[in-house]
Amino acid sequence: MSATRSAAPHLRLLQSRAPTRRLLHSTRNCAFSPTASTSTATTSSLAPEAANASSSSSAKIISSLILSRPPIILREPTSFEKAYHEYNRQLSEALQQPFPKDFYFKKGSAAEKRFEEDQASAPQGFSAIAAAVSGSVPKEKSGKNKEATVPSSNLSSPLAEGEADSRPLPRTTQADASNDVRSLERKLDRTLYLVVKKKTGKGAASWQFPAKALTDTKHENLHDVAPASVTESLGNKMDIWMVSNLPVGLLKSTNAPAEKTYFLRGHVLAGNAELTKSNEGQVEEFQWLTKEEIEKLMESHYWSNVEDLLDA
């Protein structure tokens, strides 16, 4: 009886330990299974990351600068705009209140006579002055043509000392007359863009915007390399202002899928480009052209990607 009582606690102790062992085994299984799954997931994700790293290392990034000269003067108004402004001028002259001559001058006095003579000899607004400069006859309010009151001898006579010439300068310059595409003094009412004739990898030269490839993508930026694409091949005599540090366009090459060209905007404030002897970019020619002139020179694939980036 005593032996049975002494064995009972021992059996209860063994039974109490059994669930504990099963619990330990279950916790071990739960602890090891996530580790194994994460390790397999990590090894499976390493393959595409390695592939992306190899592809990024082989990618060629090019920074291109769209360097422009903004318009200097206002554009020439269209025929509709000229007719609109002329109509408003005539309407303003017809509706304006006449000068109260009787209030300021006594009727029949010498002062009134001098005032009438001055009014008769004075040109009728800016249209009469422009007509006198061009040699045409201005129109009076009554609709009858009269001779220009401003004599041509006064316009061609030399200016007195200290007298300023109020006549406007012509809209066309000598660069327009000679069609000097390297000059910035042409097409004053249009936006001009700098394009270069550069040799490609195949050896054939094509017209494009100045561009330079990034040699170290970890330490070089697009907005730092873009001005260098101009200064290294066309000298550093230009004052270039970058509009933004962010690109405005992207061109993916059809021949090299890993080659990407990013376009950035810039304005030239002073100076001009010139071909240097140490021409590392192999630039053969440069021109300042308008949007319509650029379309005639560039290739169709290149032009279709940059057309919307240019102002009219």
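As shown above, the structure is provided for reference.
Residues numbered from 1 in each chain as written. Predicted model: local features only at pLDDT ≥ 70, side-chain atom pairs only at ≥ 80, totals over all residues. Heavy atoms only, no water.

## Topic: the pattern of salt bridges
This is how it is decided: The working definition used for a salt bridge is a side-chain nitrogen of Lys or Arg within 4 Å of a carboxyl oxygen of Asp or Glu. Buried, partly exposed and exposed residues are distinguished by accessible area as a fraction of the type maximum, computed with a 1.4 Å probe on protein chains only: under 20%, between the cut-offs, and over 50%, respectively. Numbering of helices and strands runs from the N terminus; a helix is a DSSP stretch of H or I covering at least four residues, while a strand is a stretch of E covering at least two.
Following the criterion strictly, the structure yields 13 salt bridges and no others. Two residues, R75 and E81, come together in a salt bridge whose shortest N-O distance is 3.0 Å. For R75, a relative accessible area of 48% puts it in the partly exposed group. E76 is paired through a salt bridge with R171; the nearest N and O atoms lie 2.9 Å apart. Of this pair, E76 sits in the loop between β1 (60-69) and α2 (79-95) while R171 sits in the loop between α6 (152-156) and α7 (174-178), and the two are 95 residues apart along the sequence. Given the relative accessible area of 39%, E76 is considered partly exposed. For R171, a relative accessible area of 34% translates into the label partly exposed. Taken together, the salt bridges that share partners define one network made up of E76, K82, R171 and D189.

## Things to note about the packing of aromatic side chains
For any pair of aromatic rings, geometry is given as the distance between the ring centres together with the angle between the planes. Where we set the bar: Put simply, two rings from Phe, Tyr or Trp (the six-membered ring, in Trp's case) pair if the centres are within 6.5 Å, and we call them stacked under 30 degrees between planes, edge-to-face over 60, tilted for the rest.
Applying the stated criterion across every chain, the model contains seven aromatic pairs. With a centroid separation of 5.3 Å and an interplanar angle of 15°, the aromatic rings of F99 and Y104 are classed as stacked. Here F99 falls in the partly exposed class, since its relative accessible area comes to 47%. Since its relative accessible area comes to 52%, Y104 is described here as exposed.

In short, the description is geometric, and any link to function would need to be established separately.
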